[in-house]
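Architecture and fold: a report
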Amino acid sequence: MTNEAIQEGGSSAHFAVFSSQNSNFRYTFNKIREVKSYRVGELFAAYRDILWDDGRHKYNVSSFIGEIDEILLGDRFSTFDQNTLDNLIGTLRQRGNSNATINRKMAALSKLLRKAHKMGDIHSLPEFRRQKERAGRIRFLERDEETRLFAAIRSRSEDAYRLSVFLVDSGCRLGEALGLIWNDIQEHRVSFWITKSGRSRTIPMTERVKEVIKLPPNTEGRRPKGPFTKLTQAQYRAIWNEAKTEVGLGADEQVVPHILRHTCASRLVQGGIDIRRVQMWLGHQTLSMTMRYAHLATNDLDGCVVVLEKPRGDEASSRSAQNCVFASPLTTPTSVPRKAKGPEPAKATSKRSKGK
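Analysis parameters
Residues numbered from 1 in each chain as written. Predicted model: local features only at pLDDT ≥ 70, side-chain atom pairs only at ≥ 80, totals over all residues. Heavy atoms only, no water. Core = buried A, V, L, I, M, F, W, Y, C linked by side-chain atoms within 4.5 Å. Buried < 20%, exposed > 50% of the residue type's maximum accessible area, 1.4 Å probe, protein only. Helix = DSSP H or I, 4+ residues; strand = E, 2+ residues; numbered from the N terminus. Salt bridge = Lys/Arg side-chain N within 4 Å of Asp/Glu carboxyl O. Expected span 1.5 Å × (residues − 1). Arc of directions from axis to C-beta. Contact = heavy atoms within 4.5 Å. Pairing = 2+ DSSP bridges.

Some points on the nonpolar core
With 49 residues, the main nonpolar core has Ile-153, Leu-163, Phe-166, Tyr-236 and Leu-260 as its most contacted residues. Of all the secondary-structure elements, those providing two or more residues to this core are α5 (143-154), α6 (158-170), α7 (174-178), β5 (189-192), α8 (207-212), α9 (233-246), α10 (259-270) and α11 (275-282). Counting residues in hydrophobic clusters, the runner-up holds 26 residues, among them Leu-43, Ile-68, Leu-88 and Leu-112.

Points about the pattern of salt bridges
Inspection of the entire model under this criterion finds 23 salt bridges. We note a salt bridge from Glu-67 to Arg-95, for which the minimum N-O separation is 3.3 Å. Taken together, the residues span a long stretch of sequence, with Glu-67 in helix α2 (residues 56-71) and Arg-95 in the loop between α3 (82-94) and α4 (99-118) at a distance of 28 residues. Judged by its relative accessible area of 18%, Glu-67 falls in the buried class. Taking relative accessible area as the criterion, Arg-95 reaches 41% and is therefore assigned partly exposed. Between Glu-67 and Lys-105 there is a salt bridge, and its shortest N-O distance comes to 2.6 Å. Note that Glu-67 is positioned in helix α2 and Lys-105 in helix α4, a separation of 38 residues in sequence.

What to know about unusual backbone geometry
For Leu-73, which is not a glycine, the phi torsion comes out positive at approximately 60 degrees. A positive phi is found at Glu-187, a non-glycine position, where the angle reads about 55 degrees. Mapped onto the fold, Glu-187 is located in the loop between β4 (185-186) and β5. Glu-187 sits in the exposed class, given a relative accessible area of 74%.

So, α9
Owing to its 3.6 residues per turn, the α-helix aligns residues three or four sequence positions apart on the same side. Spanning 14 residues, α9 covers 20 Å between terminal C-alpha atoms, matching the ideal 20 Å at 1.5 Å per step. Taken residue by residue, α9 has Tyr-236, Ile-239, Trp-240, Ala-243 and Lys-244 as its buried positions. Projection of α9 onto a plane perpendicular to its axis shows the buried side chains occupying an angular sector of 130 degrees, all on one side. For α9, exposure combined with an orientation more than 90 degrees from the buried face picks out Ala-234 and Thr-245.

Let's talk about the environment of Gly-55
Residue position: Gly-55 is located in the loop between α1 (40-51) and α2. Since its relative accessible area comes to 44%, Gly-55 is described here as partly exposed. Sequence separation between Gly-55 and Gln-233 is 178 residues, and the spatial gap between their C-alpha atoms is 9.6 Å.

A word on α4
Counted at 1.5 Å a residue, the expected span for α4 with its 20 residues is 28 Å, and the 28 Å between its end C-alpha atoms agrees. On the buried face of α4, the contacting elements are α1, α2 and α3. Looking one or two residues past α4, Gly-120 carries a phi angle of roughly 85 degrees, positive in sign.

What about the pairing of β5?
Side-chain positions along a regular strand alternate between the two faces of the sheet. Looking at chain direction, β4 and β5 are connected through two bridges and run antiparallel. Residue pairing for β5: Ile-185 is matched across the bridge by Val-190. Where β4 hands over to β5, the hairpin turn is made up of two residues, of which Glu-187 adopts a positive phi near 55 degrees. Looking at chain direction, β5 and strand β6 (residues 201-204) are connected through four bridges and run antiparallel. By the bridge assignment, Arg-189 is partnered in β6 with Pro-204.

This is how it looks when you write it as C-alpha coordinates:
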(Lines give C-alpha, C1' and ligand atoms only; values in the text may rest on other atoms or scores of the structure.)
Protein backbone atom coordinates (compact mmCIF):
# COMPACT_ATOMS: atom_id res chain seq x y z
CA MET A 1 0.00 0.00 0.00
CA THR A 2 1.37 3.40 -0.94
CA ASN A 3 0.83 6.38 1.33
CA GLU A 4 0.55 9.85 -0.03
CA ALA A 5 1.65 12.62 2.26
CA ILE A 6 -0.38 15.73 1.84
CA GLN A 7 0.44 18.94 3.62
CA GLU A 8 -2.74 20.80 4.51
CA GLY A 9 -3.11 23.92 2.45
CA GLY A 10 -2.84 27.11 4.41
CA SER A 11 -1.93 25.34 7.62
CA SER A 12 0.81 26.43 9.92
CA ALA A 13 3.93 24.46 10.61
CA HIS A 14 2.48 23.25 13.91
CA PHE A 15 0.78 20.21 12.46
CA ALA A 16 0.42 18.10 9.33
CA VAL A 17 -2.06 15.50 8.11
CA PHE A 18 -0.96 12.23 6.47
CA SER A 19 -3.71 10.26 4.75
CA SER A 20 -4.18 7.03 2.87
CA GLN A 21 -7.13 4.98 1.76
CA ASN A 22 -7.78 3.46 5.19
CA SER A 23 -6.25 5.82 7.70
CA ASN A 24 -5.76 9.43 8.59
CA PHE A 25 -2.92 10.47 10.92
CA ARG A 26 -2.65 13.86 12.54
CA TYR A 27 0.64 14.82 14.12
CA THR A 28 0.66 17.84 16.36
CA PHE A 29 3.97 19.45 17.17
CA ASN A 30 2.75 22.21 19.45
CA LYS A 31 1.83 19.80 22.31
CA ILE A 32 5.30 18.44 22.94
CA ARG A 33 6.07 19.15 26.59
CA GLU A 34 9.40 19.44 28.29
CA VAL A 35 9.99 16.65 30.81
CA LYS A 36 10.50 18.26 34.20
CA SER A 37 11.46 16.79 37.57
CA TYR A 38 10.05 17.63 40.98
CA ARG A 39 10.69 17.04 44.65
CA VAL A 40 7.95 15.46 46.77
CA GLY A 41 7.79 18.67 48.79
CA GLU A 42 7.19 20.74 45.66
CA LEU A 43 4.32 18.50 44.57
CA PHE A 44 2.78 18.75 48.03
CA ALA A 45 3.02 22.56 47.97
CA ALA A 46 1.23 22.57 44.61
CA TYR A 47 -1.64 20.23 45.50
CA ARG A 48 -2.07 20.18 49.30
CA ASP A 49 -4.92 22.71 49.32
CA ILE A 50 -6.70 20.79 46.56
CA LEU A 51 -6.35 17.32 48.08
CA TRP A 52 -6.73 17.97 51.82
CA ASP A 53 -9.06 20.15 53.87
CA ASP A 54 -7.65 22.31 56.62
CA GLY A 55 -7.42 20.59 59.98
CA ARG A 56 -5.43 18.13 62.02
CA HIS A 57 -5.37 15.51 59.25
CA LYS A 58 -3.79 17.97 56.83
CA TYR A 59 -1.23 18.85 59.51
CA ASN A 60 -0.35 15.16 59.91
CA VAL A 61 -0.06 14.69 56.15
CA SER A 62 2.30 17.67 55.99
CA SER A 63 4.50 15.97 58.58
CA PHE A 64 4.41 12.66 56.65
CA ILE A 65 5.39 14.27 53.34
CA GLY A 66 8.15 16.27 55.02
CA GLU A 67 9.67 13.09 56.43
CA ILE A 68 9.42 11.32 53.06
CA ASP A 69 11.13 14.25 51.30
CA GLU A 70 13.89 14.14 53.90
CA ILE A 71 14.42 10.37 53.40
CA LEU A 72 14.61 10.88 49.64
CA LEU A 73 17.27 13.57 50.26
CA GLY A 74 15.24 16.08 48.30
CA ASP A 75 15.90 14.23 45.04
CA ARG A 76 13.98 15.37 41.97
CA PHE A 77 12.20 12.85 39.79
CA SER A 78 9.95 12.64 36.74
CA THR A 79 9.09 8.99 37.38
CA PHE A 80 8.58 7.30 40.74
CA ASP A 81 9.67 3.68 40.36
CA GLN A 82 9.03 0.62 42.50
CA ASN A 83 12.60 0.43 43.76
CA THR A 84 12.35 3.95 45.19
CA LEU A 85 9.12 3.06 46.97
CA ASP A 86 10.53 -0.19 48.39
CA ASN A 87 13.63 1.59 49.73
CA LEU A 88 11.42 4.26 51.28
CA ILE A 89 9.29 1.67 53.11
CA GLY A 90 12.44 -0.13 54.27
CA THR A 91 13.86 3.08 55.73
CA LEU A 92 10.61 3.84 57.58
CA ARG A 93 10.62 0.34 59.07
CA GLN A 94 14.24 0.76 60.19
CA ARG A 95 13.18 3.95 61.95
CA GLY A 96 10.74 1.94 64.05
CA ASN A 97 7.52 2.74 62.16
CA SER A 98 4.81 0.13 62.59
CA ASN A 99 2.98 -1.24 59.56
CA ALA A 100 -0.07 0.83 60.51
CA THR A 101 2.02 4.01 60.55
CA ILE A 102 3.68 3.10 57.24
CA ASN A 103 0.25 2.56 55.68
CA ARG A 104 -0.90 6.03 56.75
CA LYS A 105 2.22 7.66 55.32
CA MET A 106 2.01 5.70 52.07
CA ALA A 107 -1.68 6.58 51.71
CA ALA A 108 -0.74 10.28 51.78
CA LEU A 109 2.10 9.76 49.30
CA SER A 110 -0.08 7.67 46.98
CA LYS A 111 -2.80 10.31 46.92
CA LEU A 112 -0.26 13.02 46.09
CA LEU A 113 1.49 11.03 43.34
CA ARG A 114 -1.78 9.98 41.69
CA LYS A 115 -2.79 13.63 41.45
CA ALA A 116 0.62 14.61 40.03
CA HIS A 117 0.43 11.75 37.52
CA LYS A 118 -3.04 12.81 36.43
CA MET A 119 -1.82 16.38 35.90
CA GLY A 120 1.15 15.18 33.85
CA ASP A 121 3.86 16.12 36.35
CA ILE A 122 5.19 12.58 36.71
CA HIS A 123 4.98 9.80 34.14
CA SER A 124 4.82 6.52 36.05
CA LEU A 125 3.52 5.25 39.37
CA PRO A 126 4.64 2.30 41.53
CA GLU A 127 2.30 -0.27 43.01
CA PHE A 128 1.36 0.62 46.57
CA ARG A 129 0.82 -2.55 48.58
CA ARG A 130 -0.88 -2.24 51.95
CA GLN A 131 1.26 -3.57 54.80
CA LYS A 132 -0.33 -6.19 57.02
CA GLU A 133 -1.37 -4.62 60.31
CA ARG A 134 -1.65 -6.31 63.66
CA ALA A 135 -4.91 -6.04 65.53
CA GLY A 136 -3.76 -3.95 68.45
CA ARG A 137 -5.38 -3.75 71.86
CA ILE A 138 -8.19 -1.20 71.98
CA ARG A 139 -8.27 0.87 75.16
CA PHE A 140 -11.58 2.28 76.38
CA LEU A 141 -12.69 3.98 79.57
CA GLU A 142 -14.38 2.12 82.37
CA ARG A 143 -17.33 3.88 83.99
CA ASP A 144 -15.38 4.89 87.09
CA GLU A 145 -12.50 6.20 84.93
CA GLU A 146 -14.95 8.30 82.96
CA THR A 147 -16.48 9.71 86.14
CA ARG A 148 -13.11 10.73 87.61
CA LEU A 149 -11.71 12.12 84.36
CA PHE A 150 -14.82 14.12 83.51
CA ALA A 151 -14.94 15.60 87.00
CA ALA A 152 -11.36 16.81 86.64
CA ILE A 153 -12.15 18.27 83.22
CA ARG A 154 -15.25 20.02 84.56
CA SER A 155 -13.25 21.68 87.34
CA ARG A 156 -11.17 23.35 84.63
CA SER A 157 -13.75 24.14 81.95
CA GLU A 158 -17.51 23.66 81.71
CA ASP A 159 -17.30 23.83 77.91
CA ALA A 160 -14.66 21.07 77.83
CA TYR A 161 -16.83 18.94 80.11
CA ARG A 162 -19.87 19.37 77.85
CA LEU A 163 -17.76 18.42 74.86
CA SER A 164 -16.42 15.30 76.62
CA VAL A 165 -19.92 14.04 77.40
CA PHE A 166 -20.98 14.68 73.82
CA LEU A 167 -17.97 12.78 72.44
CA VAL A 168 -18.45 9.67 74.56
CA ASP A 169 -22.21 9.40 73.94
CA SER A 170 -22.14 10.25 70.23
CA GLY A 171 -18.89 8.47 69.35
CA CYS A 172 -18.01 11.23 66.90
CA ARG A 173 -14.51 12.49 66.20
CA LEU A 174 -13.24 15.61 67.94
CA GLY A 175 -13.14 17.60 64.70
CA GLU A 176 -16.71 16.56 63.87
CA ALA A 177 -17.99 17.87 67.20
CA LEU A 178 -16.09 21.16 67.01
CA GLY A 179 -17.43 21.75 63.50
CA LEU A 180 -21.10 21.49 64.51
CA ILE A 181 -23.38 24.48 64.02
CA TRP A 182 -26.84 24.93 65.49
CA ASN A 183 -28.53 24.07 62.20
CA ASP A 184 -26.99 20.56 62.44
CA ILE A 185 -29.09 19.86 65.56
CA GLN A 186 -32.76 19.18 64.83
CA GLU A 187 -35.21 17.90 67.45
CA HIS A 188 -33.70 14.70 68.87
CA ARG A 189 -31.00 14.13 66.25
CA VAL A 190 -27.62 15.54 65.28
CA SER A 191 -26.09 15.50 61.79
CA PHE A 192 -22.37 15.42 61.04
CA TRP A 193 -21.49 16.96 57.69
CA ILE A 194 -17.75 17.53 58.05
CA THR A 195 -16.47 13.94 58.37
CA LYS A 196 -13.23 12.10 57.68
CA SER A 197 -14.86 9.85 55.07
CA GLY A 198 -16.65 12.74 53.38
CA ARG A 199 -20.02 11.07 54.04
CA SER A 200 -22.57 12.75 56.25
CA ARG A 201 -24.51 10.84 58.89
CA THR A 202 -27.31 11.53 61.37
CA ILE A 203 -27.73 9.84 64.75
CA PRO A 204 -30.20 10.22 67.62
CA MET A 205 -29.08 11.94 70.82
CA THR A 206 -29.05 10.50 74.33
CA GLU A 207 -30.67 12.47 77.13
CA ARG A 208 -27.21 13.41 78.38
CA VAL A 209 -26.28 14.83 74.99
CA LYS A 210 -29.49 16.83 74.81
CA GLU A 211 -28.50 18.53 78.05
CA VAL A 212 -24.86 19.27 77.26
CA ILE A 213 -25.51 20.86 73.86
CA LYS A 214 -27.39 23.61 75.67
CA LEU A 215 -25.22 26.58 76.48
CA PRO A 216 -24.81 27.52 80.16
CA PRO A 217 -27.34 30.17 81.28
CA ASN A 218 -24.58 32.67 82.12
CA THR A 219 -23.35 32.85 78.52
CA GLU A 220 -22.50 36.46 77.71
CA GLY A 221 -22.57 38.28 74.42
CA ARG A 222 -23.68 36.81 71.10
CA ARG A 223 -24.46 33.13 70.86
CA PRO A 224 -21.55 31.23 69.27
CA LYS A 225 -21.92 29.58 65.87
CA GLY A 226 -22.26 26.11 67.37
CA PRO A 227 -22.43 24.33 70.74
CA PHE A 228 -18.67 23.77 70.98
CA THR A 229 -17.15 26.41 68.68
CA LYS A 230 -15.72 28.36 71.64
CA LEU A 231 -13.07 25.64 71.98
CA THR A 232 -10.21 24.69 69.69
CA GLN A 233 -8.58 21.26 69.44
CA ALA A 234 -5.40 22.59 71.06
CA GLN A 235 -7.31 24.08 74.00
CA TYR A 236 -9.31 20.93 74.59
CA ARG A 237 -6.26 18.65 74.41
CA ALA A 238 -4.40 20.84 76.91
CA ILE A 239 -7.31 20.61 79.38
CA TRP A 240 -7.56 16.85 78.74
CA ASN A 241 -3.87 16.23 79.45
CA GLU A 242 -3.97 18.19 82.71
CA ALA A 243 -7.09 16.34 83.87
CA LYS A 244 -5.81 12.86 83.04
CA THR A 245 -2.58 13.54 84.92
CA GLU A 246 -4.59 14.65 87.95
CA VAL A 247 -6.60 11.40 88.07
CA GLY A 248 -3.54 9.16 87.65
CA LEU A 249 -3.83 8.35 83.93
CA GLY A 250 -0.96 10.56 82.79
CA ALA A 251 1.36 7.63 82.00
CA ASP A 252 -1.21 5.88 79.78
CA GLU A 253 -0.42 6.97 76.21
CA GLN A 254 -3.70 5.57 74.91
CA VAL A 255 -5.82 7.88 77.06
CA VAL A 256 -6.24 10.59 74.43
CA PRO A 257 -9.50 12.30 73.38
CA HIS A 258 -10.03 9.66 70.65
CA ILE A 259 -10.48 7.07 73.42
CA LEU A 260 -14.00 8.46 73.89
CA ARG A 261 -14.88 7.22 70.39
CA HIS A 262 -13.49 3.77 71.26
CA THR A 263 -15.47 3.83 74.50
CA CYS A 264 -18.72 4.59 72.70
CA ALA A 265 -18.15 1.81 70.16
CA SER A 266 -17.21 -0.71 72.86
CA ARG A 267 -20.34 0.03 74.89
CA LEU A 268 -22.56 -0.36 71.84
CA VAL A 269 -21.07 -3.76 70.96
CA GLN A 270 -21.07 -5.01 74.55
CA GLY A 271 -24.70 -3.90 74.83
CA GLY A 272 -25.70 -6.24 72.00
CA ILE A 273 -25.92 -3.77 69.09
CA ASP A 274 -25.01 -5.55 65.86
CA ILE A 275 -21.86 -4.56 63.98
CA ARG A 276 -23.69 -3.06 61.00
CA ARG A 277 -25.55 -0.60 63.19
CA VAL A 278 -22.35 0.27 65.05
CA GLN A 279 -20.73 0.98 61.68
CA MET A 280 -23.56 3.36 60.77
CA TRP A 281 -23.39 5.06 64.17
CA LEU A 282 -19.64 5.69 63.96
CA GLY A 283 -19.61 6.55 60.27
CA HIS A 284 -16.96 3.99 59.31
CA GLN A 285 -16.47 3.82 55.55
CA THR A 286 -15.80 0.05 55.64
CA LEU A 287 -17.06 -2.70 57.92
CA SER A 288 -13.48 -3.86 58.55
CA MET A 289 -12.92 -0.72 60.65
CA THR A 290 -15.85 -1.62 62.89
CA MET A 291 -14.81 -5.27 63.14
CA ARG A 292 -12.03 -4.17 65.52
CA TYR A 293 -14.70 -4.13 68.21
CA ALA A 294 -16.36 -7.43 67.25
CA HIS A 295 -14.39 -9.43 69.83
CA LEU A 296 -16.35 -7.64 72.57
CA ALA A 297 -19.62 -9.21 71.43
CA THR A 298 -19.29 -12.41 73.48
CA ASN A 299 -22.90 -12.89 74.61
CA ASP A 300 -23.47 -15.58 71.98
CA LEU A 301 -20.61 -17.62 73.49
CA ASP A 302 -21.95 -17.75 77.05
CA GLY A 303 -23.73 -21.02 76.35
CA CYS A 304 -20.39 -22.73 75.69
CA VAL A 305 -19.52 -22.39 79.39
CA VAL A 306 -22.67 -24.30 80.36
CA VAL A 307 -21.64 -27.21 78.16
CA LEU A 308 -18.00 -27.23 79.30
CA GLU A 309 -18.86 -27.14 83.01
CA LYS A 310 -21.02 -30.28 82.84
CA PRO A 311 -19.42 -33.51 84.16
CA ARG A 312 -17.97 -35.62 81.37
CA GLY A 313 -20.00 -38.68 82.32
CA ASP A 314 -23.28 -36.88 82.19
CA GLU A 315 -23.64 -36.95 78.40
CA ALA A 316 -27.41 -36.84 78.48
CA SER A 317 -27.40 -33.72 80.63
CA SER A 318 -24.79 -32.17 78.40
CA ARG A 319 -26.84 -32.80 75.28
CA SER A 320 -29.91 -31.47 77.04
CA ALA A 321 -28.08 -28.30 78.08
CA GLN A 322 -26.72 -27.88 74.56
CA ASN A 323 -30.17 -28.15 73.05
CA CYS A 324 -31.51 -25.70 75.62
CA VAL A 325 -28.78 -23.14 75.03
CA PHE A 326 -28.32 -23.26 71.27
CA ALA A 327 -31.82 -24.20 70.12
CA SER A 328 -33.14 -21.73 67.57
CA PRO A 329 -36.81 -21.24 66.77
CA LEU A 330 -35.78 -20.95 63.12
CA THR A 331 -33.94 -24.29 62.94
CA THR A 332 -35.44 -26.46 65.68
CA PRO A 333 -38.74 -28.15 64.85
CA THR A 334 -41.44 -27.43 67.37
CA SER A 335 -43.23 -30.48 68.71
CA VAL A 336 -46.99 -30.22 68.36
CA PRO A 337 -48.82 -31.57 71.42
CA ARG A 338 -51.14 -34.41 70.68
CA LYS A 339 -54.82 -33.93 71.31
CA ALA A 340 -56.38 -35.95 74.06
CA LYS A 341 -58.13 -39.02 72.76
CA GLY A 342 -61.89 -38.76 72.88
CA PRO A 343 -64.70 -41.01 71.75
CA GLU A 344 -64.36 -41.90 68.11
CA PRO A 345 -67.16 -40.58 65.90
CA ALA A 346 -69.70 -43.20 64.94
CA LYS A 347 -69.32 -44.67 61.51
CA ALA A 348 -71.97 -43.68 59.05
CA THR A 349 -74.36 -46.53 58.33
CA SER A 350 -75.53 -47.29 54.87
CA LYS A 351 -79.15 -46.50 54.13
CA ARG A 352 -79.44 -49.66 52.08
CA SER A 353 -80.34 -52.75 53.91
CA LYS A 354 -78.31 -55.79 53.33
CA GLY A 355 -81.33 -57.63 51.93
CA LYS A 356 -82.11 -55.15 49.24
